[in-house]
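# Structural overview for review
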Amino acid sequence: DEDDAFQLTQALPNGMSAAIVLLEHRWALPLLEAIERADGVELSNRWVNVEDLLSVGLRAADDPGALGP
């Protein structure tokens, strides 16, 4: 709404831009339905964050064999 837009513009320094992405993982719906039909349960649901990706990249740069074949 207008209040959210105002707060966002106040949070950004002058000359900066922001991007907002709405991502729907439609590919996951059949998977979730199949798990439900099999009386399965979701054990974990987690997003990979930037820090995790950087950590893996740094380890790979230090030791290319550390991540496996």
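Note: the structure precedes this text.
All values derive from a computational prediction rather than experimental measurement. (Residues numbered from 1 in each chain as written. Predicted model: local features only at pLDDT ≥ 70, side-chain atom pairs only at ≥ 80, totals over all residues. Heavy atoms only, no water.)

Bringing the overall build of the protein into the picture now. Tallying secondary structure elements over the protein gives three helices and zero strands in all. Mapped in sequence order, the helices and strands of the protein form the string α-α-α. Its C-alpha radius of gyration of 20 Å places the protein more than 25% over the 11 Å reference for a compact globule of 69 residues. Taking the principal axes of the C-alpha coordinates as reference, the protein spans close to 45 × 45 × 15 Å. Per-residue burial over the protein gives 1% buried out of 69 residues. Roughly 6,900 Å² of accessible area belongs to the protein as shown, and the carbon and sulfur atoms make up 59% of that amount. Put simply, the protein has 4 plus and 13 minus side-chain charges, and the middle of one group is 10 Å from the middle of the other. (Helix = DSSP H or I, 4+ residues; strand = E, 2+ residues; numbered from the N terminus. Rg over C-alpha atoms; globule rule 2.2 N^0.38 Å. Buried < 20%, exposed > 50% of the residue type's maximum accessible area, 1.4 Å probe, protein only. Areas by Shrake-Rupley, 256 points an atom, 1.4 Å probe, with all protein chains shown as cover. Lys, Arg positive; Asp, Glu negative; His and termini not counted. Charge placed at Lys NZ, Arg CZ, Asp CG, Glu CD.)

Right, let's get into a negative patch on the surface. Together, Asp1, Glu2, Asp3 and Asp4 make up a negatively charged patch on the protein surface. Following the sequence through the fold, Asp4 ends up in helix 1 (residues 2–11). The exposure class assigned to Asp4 is partly exposed, which follows from its relative accessible area of 48%. (Patch = residues over 30% accessible without salt bridge, like charges linked within 9 Å, V, L, I, M, F, W, Y side chains within 5 Å. Salt bridge = Lys/Arg side-chain N within 4 Å of Asp/Glu carboxyl O.)

Mapped onto the secondary structure, Asn49 falls in the loop between helix 2 (28–37) and helix 3 (50–62). The partly exposed category is assigned to Asn49, whose relative accessible area is 32%. When the C-alpha positions of Asn49 and Gln10 are compared, they lie 26 Å apart, and in sequence the two are 39 residues distant. One polar contact links the side chain of Asn49 to the main-chain amide nitrogen of Asp52, over a distance of 2.8 Å. (Polar contact = N/O pair within 3.5 Å; in protein donor to acceptor, adjacent residues only side chain to side chain.)

Under the defined criterion, the tally for this structure stands at one salt bridge. A salt bridge links Arg26 to Glu24; the shortest N-O distance between them is 3.5 Å. This pair shows no difference in class: Arg26 is exposed, exactly as Glu24 is.

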